[in-house]
Amino acid sequence: MEQELKLALERPTDLARLLSALPKPRGVIRQSNHYLICDEGRTSTAKVMVRLRVEERENETSACLTLKRRVRSSQGVFLSWELEEAMPLEHALPVIHEGLNLMKVEHPGTRWLAEELEISALRLQGCLINHRHVVDFDGYVLEIDQSEFPDGSIEAEIEVETDDPEGARAAVMKLTDREGIALFQQSLGKYTRYLKKGGQR
């Protein structure tokens, strides 16, 4: 299970001010999140998100396949079942750029989809671009995201994967209160917001 605290910036334009108040990021990553679905509706019925992500760092490009299903969320804390494994770029890029059926790729994620949901084909649904700053702060690892949605809107949020979400919340809000940066508890994951903001269905 994955547990994350998600706090969104009321004003995404405050992102630069937030980053300037934090230690230097240990990493800056451009993420291309490519979502996939099956036309029979099995992923939707099972409430399983399928995401093929390409990450570009300063000197490295990599890919991973993620399956995720929400278990519950409350007060900005999300608990999800997740299966995530790296995928070689030579397997991932043909799916994204040439329309290769992801289910033809041998991978723990595709095996799970075939065995548990009896899926034989997936199609690309669309893409969300995210810019992530990874920052070590007060004993937590903050993932600070700026996401570009299909309708042209931009959102910014802080994610913390942790067993201590309330401690992380207190640490983050002490900083943002001091800096005058308003936050709110996120109630929707990126994929749901992607669909609400013009993502293909």
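Everything below is about the structure shown above.
In this text the structure is predicted, and so the values were computed from the model without any measurement.

Criteria and thresholds
Residues numbered from 1 in each chain as written. Predicted model: local features only at pLDDT ≥ 70, side-chain atom pairs only at ≥ 80, totals over all residues. Heavy atoms only, no water. Helix = DSSP H or I, 4+ residues; strand = E, 2+ residues; numbered from the N terminus. Buried < 20%, exposed > 50% of the residue type's maximum accessible area, 1.4 Å probe, protein only. Pairing = 2+ DSSP bridges. Arc of directions from axis to C-beta. Contact = heavy atoms within 4.5 Å. Polar contact = N/O pair within 3.5 Å; in protein donor to acceptor, adjacent residues only side chain to side chain. Core = buried A, V, L, I, M, F, W, Y, C linked by side-chain atoms within 4.5 Å. Phe/Tyr/Trp six-rings, centres within 6.5 Å; stacked < 30°, edge-to-face > 60°. Lys NZ or Arg CZ within 6 Å of the ring centre and 35° of its normal.

## Observations regarding unusual backbone geometry
Although it is not a glycine, K47 adopts a positive phi angle of roughly 55°. The topology assignment puts K47 in the loop between α2 (42-45) and β3 (49-56). Not every positive phi belongs to a glycine, and E118 is a case in point at roughly 55°. Here E118 is to be found in the loop between α4 (108-117) and β6 (123-137). Looking at E118, the relative accessible area reads 58%, which means it is exposed.

## Here's the deal with the pairing of strand β7 (residues 140-148)
Looking at chain direction, β6 and β7 are connected through nine bridges and run antiparallel. Bridge pairing links V134 to E143 in β7. In textbook terms, the turn of a hairpin is the stretch between consecutive antiparallel strands, and for β6 and β7 this stretch comprises two residues, one of which, D138, has a positive phi near 55°. Pairing of β7 with strand β8 (residues 154-161), which is carried by six bridges, proceeds in the antiparallel orientation. Across the sheet, the residue bridging to Q146 is A156, located in β8. Between β7 and the antiparallel strand that follows it, β8, lie five residues; G152 among them carries a positive phi value of about 90°.

## A closer look at α4
By the burial criterion, the buried members of α4 are G109, T110, W112, L113 and L117. Seen from one end, α4 has its buried residues packed into an arc of 155°, which puts them on one side. Packing partners of the buried residues in α4 comprise α2, β3, β4 (61-74) and β5 (77-86). A positive backbone phi angle near 55° is found at E118, which sits one or two residues after α4.

## Quick look at the side chain of N130
One can find N130 in strand β6. A distance of 2.7 Å separates the side chain of N130 from the side chain of S147, its partner in a polar contact. Apart from residues lying up to four places away in sequence, N130 is in contact with I29, R30, Q31, N33, D145, Q146, S147 and K190.

## Things to note about the side chain of T110
Residue position: T110 is located in helix α4. Not counting residues up to four positions away in its chain, the partners in contact with T110 are L65, L102, M103 and V105.

## Let's talk about the pairing of β8
Across the eight residues of β8, six count as buried, placing the element largely inside the fold. Across five bridges, strand β1 (residues 2-9) lies against β8 in antiparallel orientation. Counted as the bridge partner of E4 is E161 from β8.

## Structural notes on helix α3 (residues 89-98)
In an α-helix there are 3.6 residues to a turn, and that puts residues three or four apart on one side. Regarding α3, the residues found buried are A92, P94, V95 and I96. For α3, the elements touching its buried residues are β2 (27-37), β3, β4 and β6. Trailing α3 by a residue or two, G99 shows a phi angle of about 75°, which is positive.

## Describing the nonpolar core
Within the largest apolar cluster, 23 residues are counted, with the highest numbers of intra-cluster contacts made by V50, L52, L102, L113 and L122. Every element with two or more residues in this core is listed here: β3, β4, α3 and α4. In this view, L122 contacts L36, I37, C38, T43, V50, N101, L102, M103 and L113; residues no more than four positions away in its chain are not counted. Core analysis: the next-biggest nonpolar cluster, separate from the first, contains 21 residues, V77, I144, A156 and V172 among them.

## Structural notes on the packing of aromatic side chains
This model, assessed by the stated rule, comprises four aromatic pairs. Residues Y35 and Y194 carry aromatic rings whose centres are separated by 5.0 Å and whose planes lie at 45° to one another, so their mutual orientation is tilted. Note that Y35 is positioned in strand β2 and Y194 in helix α6 (residues 190-196), a separation of 159 residues in sequence. In terms of burial, Y35 and Y194 fall into one category: buried. Relative to W112, the ring of W81 has its centre 4.9 Å away and its plane inclined at 35°; by these criteria the two rings are tilted. Within this pair, whereas W81 is found in strand β5, its partner W112 is found in helix α4, the two being separated by 31 residues in sequence. Ring-pair connections join several aromatic residues into one group, and the members of that group are Y35, Y191 and Y194. Its end group placed over the ring of W81, R69 keeps NZ or CZ at 5.5 Å from the ring centre.

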